[in-house]
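Structural overview
Each chain, letter by letter, is given below.
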Amino acid sequence: MAAVVAESGRTHIAFLPSPGMGHIIPLLVMAKRLVLHHGFHVSFISITTEASAAQTQLLRSPDLPSGLHVVELPLADMSDILHDDMTIVHRLCLIVRESLPFISSVLRQNPPRALVLDIFCTDAFQIAKDLSIPTYSFFTASTALLAFSLYLPTMDREIEGEYVDLPKPVQVPGCGAIRIEDLIDQVRNRKIDEYKWYLLSVSRLPMAAGIFVNSWEDLEPVWLRGSTENSFFRQIPIPPVLPIGPLVEEDEPLTDSDKECIAWLDKQPPDSVLFISLGSGGTLTTAQLTELAWGLELSQQRFILVVRTPSDASASGAFFNVGNEVALKAEAYLPQGFMERTREVGLVIPSWAPQVAALRHPSSGGFLSHCGWNSTLESIYHGVPMIAWPLYAEQKMNATMLAEEDAGVAIRPVIGARETVVGRKEIERVVRVVMEGEEGKEMRRRARELQRSARATLKPGGPSFETLSQVAVKWTTTVQ
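Residues numbered from 1 in each chain as written. Predicted model: local features only at pLDDT ≥ 70, side-chain atom pairs only at ≥ 80, totals over all residues. Heavy atoms only, no water.

For the protein chain, the count of helices and strands is 18 helices and 15 strands. By its C-alpha atoms, the protein chain is 65 × 55 × 50 Å across when sized along the principal axes. Per-residue burial for the protein chain yields a buried fraction of 61% across its 480 residues. Of the contacts formed within the protein chain by residues at least 6 apart in sequence, a portion of 76% connects residues at least 24 apart. A gap of 3 Å separates the mean positions of the 43 positive and 56 negative side-chain charges of the protein chain. (Helix = DSSP H or I, 4+ residues; strand = E, 2+ residues; numbered from the N terminus. Buried < 20%, exposed > 50% of the residue type's maximum accessible area, 1.4 Å probe, protein only. Contact = heavy atoms within 4.5 Å. Lys, Arg positive; Asp, Glu negative; His and termini not counted. Charge placed at Lys NZ, Arg CZ, Asp CG, Glu CD.)

As structure tokens, this is what we get:
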């Protein structure tokens with residue numbers, strides 16, 4: 001574990017994300033903006049326990065700016081603590097807790113001017129308090145989920161029984177309503193440890209000096225205004241909510257196989273390719289992957305399909321091992337002859353593809369996505385409409401917002417009454433709607449409208465740029 005040494009004359013800020021690409025990426029993008037746009041020195045503390053190969057590769061990239069110093073913590077001994085059937089949040093929080101001695105050591109060596117941590121690292125609040133380090137939370141999901149999460153401790157006190165048995169949607173004060181079927185996985189069973197850890201984590205949010213959110217007003221106007229202006233939230237009280245998004249990777253290093261993917265896209269007409277990827281942790285069942293392949297073939301549309309080994313046990317089966325997968329022959333999991341029959345219009349890629357480069361390519365005209373928040377923002381930032389295919393965590397909430405609320409940039413396939421998977425004909429239908437239908441054209445128009453807004457808010461003078469700049473000035477001028 002290398003010592004943290006702040007560069008002379010530069011304000012020193014530390015970041016602490018929990019493991020997982022969905023948490024690492026937005027904090028890393030924010031850290032890079034502070035280095036490149038505001039002249040800060042950043043210590044980016046990496047919890048290496050259970051880290052995926054993709055996380056390690058990202059944080060060891062030679063392309064990181066010189067003012068960003070990645071501090072890799074030693075491995076914590078989790079041999080008697082973790083077990084195979086432990087859920088994601090429970091697992092993450094235990095990993096962070098067992099890493100606290102290493103985190104404390106890093107922060108004590110050279111205390112930063114401020115610490116930015118994510119929602120599953122709230123155990124570090126006490127360490128920072130003991131060292132008089134102002135601590136900010138970066139809530140890496142939507143503002144809608146933030147508002148619900150801030151309301152959750154009140155729900156826990158006032159509601160008996162399970163939330164999934166409530167007769168009507170959950171109305172978050174001053175904000176919108178969340179359908180019962182869209183409630184996040186972590187609150188669907190109040191008896192399990194996953195719920196208790198999530199409740200503990202969100203109940204600590206008022207301890208932060210501020211809460212950064214990876215969003216902006218044009219995307220979530222009701223939720224942002226409600227969580228900052230409604231009397232319920234003022235009475236908690238919550239710290240300032242600071243919208244600084246959309247913070248997305250605008251570039252990524254390309255491997256030789258990545259370059260082959262982009263070269264294939266170069267040969268396709270504009271807006272003609274559907275990009276299919278279910279994020280860093282998502283997996284489909286064997287039956288669902290088969291139906292997806294048949295639906296793509298029936299649609300006769302161009303596509304890039306990122307194939308991961310199917311899992312009949314968990315939709316988040318790749319969360320902790322993305323990039324670690326054993327090399328697979330994609331055809332082993334696809335219908336016999338599929339790759340041969342679709343070779344003129346499709347490209348199948350095993351495990352991982354250059355998502356940012358693909359989405360920003362002019363040939364990409366649609367994105368079949370799990371609706372993780374990072375992927376959602378990347379799609380909007382590049383003006384690409386979506387087929388919403390939520391798998392776990394808060395993704396159903398995101399899908400509803402994208403497809404049915406103000407955003408209007410997605411369509412959501414429907415599972416038949418007697419079916420357990422989305423059927424091939426329904427997949428064919430939604431693919432055709434996005435790629436060639438009038439509804440798809442309207443979604444594309446709306447996506448590009450939000451794209452312009454997203455880029456404007458991040459430019460100097462834009463609301464998100466100025467919000468981060470004001471915090472940067474505060475950090476620079478505050479004397480510890």
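Turning our eyes to something else, we now look at the sheet that holds strand β14 (residues 386-388). Spatial strand order, β12-β11-β10-β13-β14-β15: 6 strands in an open sheet with parallel pairing. Whereas interior strands pair on both sides, the edge strands pair on one side only; in this sheet they are β12 (346-350) and β15 (410-411). Note: strand β10 (residues 273-277) against strand β13 (residues 364-369), 5 bridges, orientation parallel. The residue of β13 that forms the bridge with S277 is S369. Strand contacts of helix α11 (residues 286-299): β10, β11 (302-307) and β13, with the helix running at about 165° to β11, the strand carrying the most contacts. (Pairing = 2+ DSSP bridges. Axes fitted to C-alpha atoms, helices over the stretch in contact; angles between N-to-C directions.)

Attention now goes to the side chain of R91. In this fold, R91 is placed in helix α3 (residues 88-98). Judged by relative accessible area, R91 falls into the buried class, the value being 12%. At a separation of 3.0 Å, a polar atom in the side chain of R91 contacts the main-chain carbonyl oxygen of H83. (Polar contact = N/O pair within 3.5 Å; in protein donor to acceptor, adjacent residues only side chain to side chain.)

Helix length check: helix α17 (residues 438-458) (21 residues) gives 31 Å between terminal C-alpha atoms against 30 Å at 1.5 Å per residue, within 8%. Inspection of α17 places G440, M443, R444, R446, A447, L450, Q451, S453, A454, T457 and L458 among the buried residues, and these make up the whole buried set. (Expected span 1.5 Å × (residues − 1).)

This part is about the sheet that holds strand β1 (residues 12-16). Sheet strands pair by backbone hydrogen bonding; their relative direction is either parallel or antiparallel. Ordered in space as β3-β2-β1-β4-β5-β8-β9, the 7 strands form an open sheet in which the pairing is parallel. Pairing within the sheet leaves two strands with one partner each, and these edge strands are β3 (68-72) and β9 (241-243). The mean angle between the axes of side-by-side strands here comes to 25°, regardless of whether they run parallel or antiparallel. Inspection of the sheet shows β1 paired to strand β2 (residues 41-46) by 4 bridges, in the parallel sense. Considered in β2, the bridge of I13 is made with V42.

Most of helix α15 (residues 395-404) is tucked away, with 7 of its 10 residues classed as buried. Listed in full, the buried residues belonging to α15 are Q395, M397, N398, A399, T400, M401 and L402. Each element contacted by the buried residues of α15 is listed here: α6 (143-158), β7 (177-178), α14 (373-381), β14 and β15.

This next bit is on the pattern of salt bridges. Summed over the entire model, instances satisfying the criterion amount to 25 salt bridges. A salt bridge links R179 to E181, with the nearest nitrogen and oxygen atoms 3.5 Å apart. Look at R179 and you get partly exposed, because its relative accessible area is 26%. (Salt bridge = Lys/Arg side-chain N within 4 Å of Asp/Glu carboxyl O.)

Right, let's get into the packing of aromatic side chains. Tallying each qualifying case throughout the model produces 12 aromatic pairs. Summarising the aromatic geometry, the rings of Y136 and W475 are spaced 5.2 Å apart at their centres and angled 85° between planes, so their arrangement reads as edge-to-face. One end of the pair, Y136, is in strand β5 (residues 135-139); the other, W475, is in helix α18 (residues 463-477), and 339 residues separate them in sequence. For the pair F275 and F367, a centre-to-centre distance of 5.7 Å together with 40° between the ring planes defines the contact as tilted. Here the residue F275 occupies a position in strand β10, and F367 occupies one in strand β13, the gap between them amounting to 92 residues. For F367, a relative accessible area of 0% puts it in the buried group. Here the aromatic cluster, defined as three or more aromatic residues joined through ring pairs, consists of F40, Y136, F138, F212 and W475. The ring of Y381 has R455 lying over it, and the distance from NZ or CZ to the ring centre is 4.3 Å. (Phe/Tyr/Trp six-rings, centres within 6.5 Å; stacked < 30°, edge-to-face > 60°. Lys NZ or Arg CZ within 6 Å of the ring centre and 35° of its normal.)

Turning our attention to the pairing of β3. Taken together, the 5 bridges between β2 and β3 define a ladder with parallel strand orientation. Counterpart to S43 in the pairing with β3 is H69. Handedness of the crossover joining β2 and β3 through helix α2 (residues 53-59) is recorded here as right-handed. (Right-handed = clockwise from strand over helix to strand, strands pointing away.)

This brings us to the packing of α6 against helix α7 (residues 193-203). The angle between the axes and the distance between the axes are what describe a pair of packed helices. Across the interface, α6 lies against α7 with an axial gap of 9 Å and an inter-helix angle of 110°. In terms of their interaxial angle, α6 and α7 are classed as roughly perpendicular. Residue-level inspection shows L145, S149, L152, P153 and D156 of α6 in contact with α7, the latter providing Y195, Y198, L199, V202 and S203. In the contact of α6 with α7, the residues fall into 7 nonpolar, 2 polar and 1 charged. (Parallel < 35°, antiparallel > 145°, perpendicular 65-115°, else oblique. Nonpolar A, V, L, I, M, F, W, Y, C, P; charged D, E, K, R; others polar.)

β2 sits mainly inside the fold: 6 of its 6 residues count as buried. The side-chain alternation of β2 yields two buried faces, one formed by H41, S43 and I45 and the other by V42, F44 and S46. Between the parallel pair β1 and β2, the chain is carried across by helix α1 (residues 21-38), and the sense of this crossover is right-handed.

Turning next to the state of the cysteines. Counted according to the given criterion, the structure contains 0 disulfides. The structure places no disulfide on C93, whose sulfur is separated from the nearest cysteine sulfur, that of C121, by 8.3 Å. A relative accessible area of 3% places C93 in the buried class. (Disulfide = S-S within 2.5 Å.)

For the rest of this paragraph, the subject is the environment of S46. Residue position: S46 is located in strand β2. Considering only alpha carbons, one finds S46 and S311, 265 residues apart in sequence, at a separation of 28 Å. Those residues within four positions of S46 in sequence are excluded, and the remaining contacts are Q55, L59, V70, V71, E72 and L73.

Among the structural elements, S18 can be located in the loop between β1 and α1. Side chain to side chain, S18 and H23 meet in a polar contact 2.8 Å long. A polar contact is formed between the side chain of S18 and the side chain of D118, at a distance of 2.7 Å. Those residues within four positions of S18 in sequence are excluded, and the remaining contacts are H23, I24, L92, V96, D118, F120 and C121.

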